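Chain by chain, the residues run as shown.
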Amino acid sequence: MLGIYVRLSIEDEESNSIENQIEEAKIYADSNNIVDFKLYNEGEGIKGSVPILDRPKLNELIEDVKNGLIDLIYVRTQSRISRKLLIFTEFLELVIKYNVNIFIGDKGLIDLCLPSNKMMVQVFGAMDEFAPNNQSYQTIRTQKIKSDKGEVWGVLPYGYIKDPKTKKAIVNESERPIIEQIFQLSKKGYGTAKIAKILNDEGVETKMKKMVTNQYNDKTYKKEKKYFDKALNKIVLIDRTSSIWLSKTIYDMLKNTWYIGQRIWGGELYSVPPIISKELFNEVNNKLTNSNHKKGKSVNYRFLLKGIIFCEKCGRAYNGNRKYNNKNHNKTSKYSANYYQCASKRLMKHNCDNFGINITNLESFIIYHLFKDKELLNHLENLEKKDTSLIENKEELKNLKNLIKEQIQNRNRLEDLLKRKDLNELSISRFIKNLNDIEEHIKGLNTKIERTSFRINEIENNRLLNISNQINSFNKNWEFHEYKEAVNNIIEKMIVLGERNERNFNNKKYHLVELKYKGYNEYSVFLSKKPHTKWIWLNNVRKMTEDEINEEIALQEGLLKYETGKDAKITKKEIENIYDGKLLVNENINKIIQLKTEDIIDFD
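Worth saying up front: this structure is predicted, and the values here are computed from it rather than measured.

1. A word on the overall build of the protein chain
Turning to step 1, where the next piece is worked out: Looking only at helices and strands, the protein chain has 17 helices and 20 strands in total.
Turning to step 2, where the next piece is worked out: Going through the 604 residues of the protein chain one by one, you find that 40% of them count as buried.
Turning to step 3, where the next piece is worked out: Of all intrachain contacts in the protein chain linking residues separated by at least 6 positions in sequence, the fraction that spans at least 24 positions is 63%.
Turning to step 4, where the next piece is worked out: In the form shown here, the protein chain has an accessible surface area of approximately 34,700 Å², with 50% of it arising from carbon and sulfur atoms.

2. Overview of helix α5 (residues 176–187)
Turning to step 1, where the next piece is worked out: Its 12 residues place the ends of α5 17 Å apart at the C-alpha level, agreeing with the 16 Å of an ideal helix rising 1.5 Å per residue.
Turning to step 2, where the next piece is worked out: Buried residues of α5: Ile178, Ile179, Ile182, Phe183, Leu185 and Ser186, and no others. For α5, the angular spread of the buried residues around the axis is 160°, confining them to a single face.
Turning to step 3, where the next piece is worked out: Gly189 sits one or two residues past α5 and shows a positive phi near 110°.

3. Description of the pattern of salt bridges
Turning to step 1, where the next piece is worked out: Applying the stated criterion across every chain yields a total of 19 salt bridges.
Turning to step 2, where the next piece is worked out: Across the pair Glu268 and Lys144 runs a salt bridge whose closest N-O atoms are separated by 3.7 Å. Of the two residues, Glu268 sits in strand β11 (residues 268–271) while Lys144 sits in helix α4 (residues 115–148), which places them 124 residues apart along the sequence.
Turning to step 3, where the next piece is worked out: Classification of Lys144 by relative accessible area gives partly exposed; the value is 28%.

4. Looking at the packing of α5 against helix α8 (residues 247–255)
Turning to step 1, where the next piece is worked out: Between α5 and α8, the shortest axis-to-axis distance is 11 Å and the interhelical angle comes to 95°. Taken together, α5 and α8 sit at an angle that is classed as roughly perpendicular. Here Ile179, Ile182, Phe183 and Ser186 of α5 lie close against α8, whose contacting residues are Ile250, Met253 and Leu254.
Turning to step 2, where the next piece is worked out: Tallied by class, residues from the contact of α5 with α8 come to 6 nonpolar, 1 polar and no charged.

5. Notes on the packing of aromatic side chains
Turning to step 1, where the next piece is worked out: Considering all chains together, one arrives at 21 aromatic pairs under this definition.
Turning to step 2, where the next piece is worked out: Judged by centre distance (5.6 Å) and plane angle (85°), the ring pair of Trp153 and Trp265 falls under edge-to-face. Separated by 112 residues along the polypeptide, Trp153 in the loop between α4 and β6 (160–162) and Trp265 in strand β10 (residues 262–265) bring together distant segments of the chain.
Turning to step 3, where the next piece is worked out: Aromatic pair Phe365 and Phe526: ring centres 5.2 Å apart, planes at 70°, arrangement edge-to-face. Of the two residues, Phe365 sits in helix α10 (residues 359–372) while Phe526 sits in strand β18 (residues 523–529), which places them 161 residues apart along the sequence. The burial state of Phe365 is the same as that of Phe526; both residues are buried.
Turning to step 4, where the next piece is worked out: Each residue in the set Phe371, Phe474, Trp478, Phe480, Tyr483 and Phe603 is aromatic and connected to the rest through ring pairs, giving one cluster.
Turning to step 5, where the next piece is worked out: The cationic tip of Arg263 hangs over the ring face of Trp153; the distance from NZ or CZ to the ring centre is 4.9 Å.
Turning to step 6, where the next piece is worked out: Here Lys493 stacks its cationic end above the ring of Phe310, 5.2 Å away from the centre of that ring.

6. A few points about the sheet that holds strand β15 (residues 357–358)
Turning to step 1, where the next piece is worked out: The 3 strands are arranged β13-β14-β15 in an open sheet whose pairing can be described as antiparallel. Two strands in the sheet have a free side with no partner beyond their single neighbour: β13 (318–324) and β15.

7. Let's talk about a nonpolar patch on the surface
Turning to step 1, where the next piece is worked out: A contiguous nonpolar patch, built from Met119, Met120, Val123, Phe124 and Met127 and spanning about 440 Å² of accessible area, is present on the exposed surface.
Turning to step 2, where the next piece is worked out: Position of Met120 relative to the elements: it lies in helix α4.

8. So, the nonpolar core
Turning to step 1, where the next piece is worked out: Within the largest apolar cluster, 47 residues are counted, with the highest numbers of intra-cluster contacts made by Leu305, Leu362 and Ile366.
Turning to step 2, where the next piece is worked out: Broken down by element, this core gets its largest block of residues, 7 residues, from α10.
Turning to step 3, where the next piece is worked out: When sequence neighbours within four positions are dropped, the list of residues in contact with Leu362 reads Leu305, Ile309, Tyr340, Ile357, Met494 and Trp535.
Turning to step 4, where the next piece is worked out: Membership of the second largest hydrophobic core comes to 30 residues, among which are Leu156, Ala169, Leu254 and Ile276.

9. Brief notes about helix α3 (residues 85–97)
Turning to step 1, where the next piece is worked out: Look at α3: 18 Å from first C-alpha to last across 13 residues, which is about the 18 Å you get at 1.5 Å a residue.
Turning to step 2, where the next piece is worked out: Listed in full, the buried residues belonging to α3 are Ile87, Phe88, Thr89, Phe91, Leu92 and Val95.
Turning to step 3, where the next piece is worked out: Its buried side turned inward, α3 meets α2 (56–66), β3 (72–75), β4 (101–104) and α4.
Turning to step 4, where the next piece is worked out: Just downstream of α3, Asn99 is the residue with a positive phi angle, here 55°.

10. Concerning the pairing of β4
One face of the sheet, then the other: side chains in a regular strand alternate in exactly this way.
Turning to step 1, where the next piece is worked out: Taken together, the 4 bridges between β3 and β4 define a ladder with parallel strand orientation. Its bridge partner lying in β4, Leu72 is registered against Asn101.
Turning to step 2, where the next piece is worked out: Taken together, the 3 bridges between β4 and strand β5 (residues 108–110) define a ladder with antiparallel strand orientation. The partner of Phe103 across the bridge, within β5, is Leu109.
Turning to step 3, where the next piece is worked out: The antiparallel pairing of β4 with β5 creates a hairpin that spans 3 residues between the two strands.

11. Looking at the sheet that holds β4
Turning to step 1, where the next piece is worked out: Strand order in the open sheet formed by 5 strands is β2-β1-β3-β4-β5, with mixed pairing between adjacent strands. A single partner strand is all that each edge strand has here, and the edge strands are β2 (37–44) and β5. Across the sheet, the mean angle from the axis of one strand to that of its neighbour is 20°, orientation sign disregarded.
Turning to step 2, where the next piece is worked out: As defined by bridge partners, strand β1 (residues 2–8) adjoins β3 across 3 bridges and the pair is classed as parallel. Considered in β3, the bridge of Ile4 is made with Tyr74.
Turning to step 3, where the next piece is worked out: Set on the sheet, α2 makes contact with β1, β2 and β3; between it and β2 the angle comes to about 160°.

12. Quick look at the pairing of strand β19 (residues 534–543)
Turning to step 1, where the next piece is worked out: Sheet topology note: the β18/β19 ladder contains 6 bridges and is antiparallel. Bridge pairing links Tyr523 to Val541 in β19.
Turning to step 2, where the next piece is worked out: Linking β18 to β19, which pair antiparallel, is a turn of 4 residues; within it His532 sits at a positive phi near 65°.
Turning to step 3, where the next piece is worked out: Pairing geometry for β19 and strand β20 (residues 584–594), over 9 bridges, is antiparallel. Paired with Trp537 across the strands is Lys591, a residue of β20.

13. Structural notes on the environment of Leu2
Turning to step 1, where the next piece is worked out: One can find Leu2 in strand β1.
Turning to step 2, where the next piece is worked out: Taking the C-alpha atoms as reference points, Leu2 and Lys38, 36 residues apart in sequence, are found 6.3 Å from one another.
Turning to step 3, where the next piece is worked out: The contact partners of Leu2, leaving out residues within four places of it in the chain, are Tyr28, Ala29, Ile34, Asp36, Phe37, Lys38, Ile70, Leu72, Ile73 and Tyr74.

Thresholds, definitions, all that
Positions within a chain are numbered from 1, following the residues in the order the chain's sequence is written. Given that the model is predicted, a residue must reach a pLDDT of at least 70 before its local features are reported, and side-chain atom pairs must reach 80 or more before they are shown or counted; all residues, however, enter totals for whole chains, interfaces and linings. Excluding hydrogens and water, the side-chain values take into account all heavy atoms of the structure. A run of H or I in DSSP becomes a helix once it reaches four residues, and a run of E becomes a strand once it reaches two; helices and strands are each numbered from the N terminus. Working definition: with a 1.4 Å probe on protein chains only, accessible area under 20% of the residue-type maximum means buried, over 50% means exposed, and in between means partly exposed. By definition, residues are in contact when any of their heavy atoms lie within 4.5 Å. Methods summary: accessible areas were calculated by the Shrake-Rupley approach with a probe of 1.4 Å, and residue burial reflects only the protein chains presented. By definition here, a helix of n residues has an expected span of 1.5 Å times n minus one. Directions are taken from the helix axis to each C-beta atom, and the arc is the one they span. Whenever Lys or Arg places a side-chain nitrogen within 4 Å of a carboxyl oxygen from Asp or Glu, that contact is recorded as a salt bridge. All axes here are fitted lines through C-alpha atoms, helices being fitted over the stretch that makes contact, and every angle between N-to-C directions spans 0 to 180 degrees. Just so you know how the angles are binned, under 35 degrees is roughly parallel, over 145 roughly antiparallel, 65 to 115 roughly perpendicular, and the rest oblique. Only Asp, Glu, Lys and Arg are considered charged in this grouping, and only Ala, Val, Leu, Ile, Met, Phe, Trp, Tyr, Cys and Pro are considered nonpolar; every other residue, Gly among them, is considered polar. Centres within 6.5 Å are what make two rings of Phe, Tyr or Trp a pair, Trp counting through its six-membered ring; a difference in plane orientation under 30 degrees is then read as stacked, over 60 as edge-to-face, and the rest as tilted. Each ring is checked for a lysine NZ or an arginine CZ that lies within 6 Å of its centre and within 35 degrees of its normal; such an atom marks a charge sitting over the ring. Two strands form a pair only when DSSP identifies at least two bridges running between them. A patch consists of residues whose relative accessible area exceeds 30% and which take part in no salt bridge; residues with like charges are grouped when within 9 Å of each other, and nonpolar side chains (Val, Leu, Ile, Met, Phe, Trp, Tyr) when within 5 Å. Residues enter a nonpolar core if they are buried and are Ala, Val, Leu, Ile, Met, Phe, Trp, Tyr or Cys, with the set joined through side-chain atoms within 4.5 Å.

None of this, on its own, says anything about what the molecule does.
In structure tokens form, the structure reads like this:
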């Protein structure tokens, strides 16, 4: 089988897109009559210098090579594997060990059994690594000479520009007042986020915005830049003309010694014109360091759902935001803030507008649902009876056993052929190679059988038993860490969506919460609105069984025949498109969960 490996880093040109890599690989497969292939898409944002162990799809490709499933690998360029010779050589040794060849888009099919071919790709790998290393060395050498002359280069800190004649840093007098304002505001006790907001409200343009709109008249900068968004797990373009002041930008400026005339490069100190006094700089930085001026007083709040709760709209984590109500003693509320909210709320430019949800009542609901309401165990037991993953794994095990049976038959036939006395040396050599390939394939199939059998055993016995044991061990006197461990052993992931509904809830906010339980593909959906003490278990969402998919195919074919009068053939892929790529079924539950006063738990 052909293994196609694709990867895209931030530095890659548009022509290197994942789509282009896949399209070219498919053209190669079609032109060589290869119909059996597997795609290993590492996705966007993964650099070529990342080790093999930190690349899930490259790891998966290597495991499939070891298991005898892949005998040919396609990559568009050698650098898709790695730009580091050490990493590329590690990959080479693995594929050579298992007699796998590589097709490199710009070099062709390479038989790595030939020492000359191995040397060739290693030389190309060394050249890939040498070019940036040599460039880096020459750049650092040149920069050292410039620094000794007092010259500067690149993007200078806000408040400075480069003198076009001397090439030394000079103060940008139009920006000096902004630097002074930032330090004076910090001295008065303003936090970095507040200072950033003041500058944005006053319409002060950032360094980046001035650069891309060519206000410095030094060079042309791109108005868009690529960066890897971890929450979305892909490379996105940001519009740099809409750049705004951020808390981190202010904090970095307050720590920057340029503003007192000290530029540090390569571990050495160089002089630049100061903008503020050392006394003001030291006073501000003492507050930042000693008084937690940036973040405020540190309080160790405890969040039960940290690490497992995420935003439906943007995919980011939902973080706990809790503050004691110390400022106004007349208020009855214990907290001035007490909610899980999307992590984007802390980013000025990436607010996804999903609503926060009360921490205490959400955590109390989760504890009630998992440990106090015995309905969950009944629900999971019912899932076991119609779980598709168990059926799929058993079907895979059956197919694997049939494959290994075929390979054993092929091996026996080859062994019988080798007993013939009329074979020449070439035939014997070819038969022995085929026999060795079959043995490796059998080893790989046995490994897969072991893994599949383990998954079946885990599904049939462990997952329900583990959750059942965890639920039955519940003790209302548990410490926080015991609650957290138990919740994490049962819930794999929570997804939160906050919306408004004018018709049903008088324009009030409501929340939908999806719970995915450990070891199960299915998930449950719950609905609640403020104050989140009453919850409705709406439904269970699961994958379609093969029988249900076949029923849907028959239904769609019947509808088409009714509409057109002609017989039609519908594929599983077309059914997936009808269901937006997700063959899911909603099963209604509609159970009300009402929390009482004694059910409310506050860990702080």
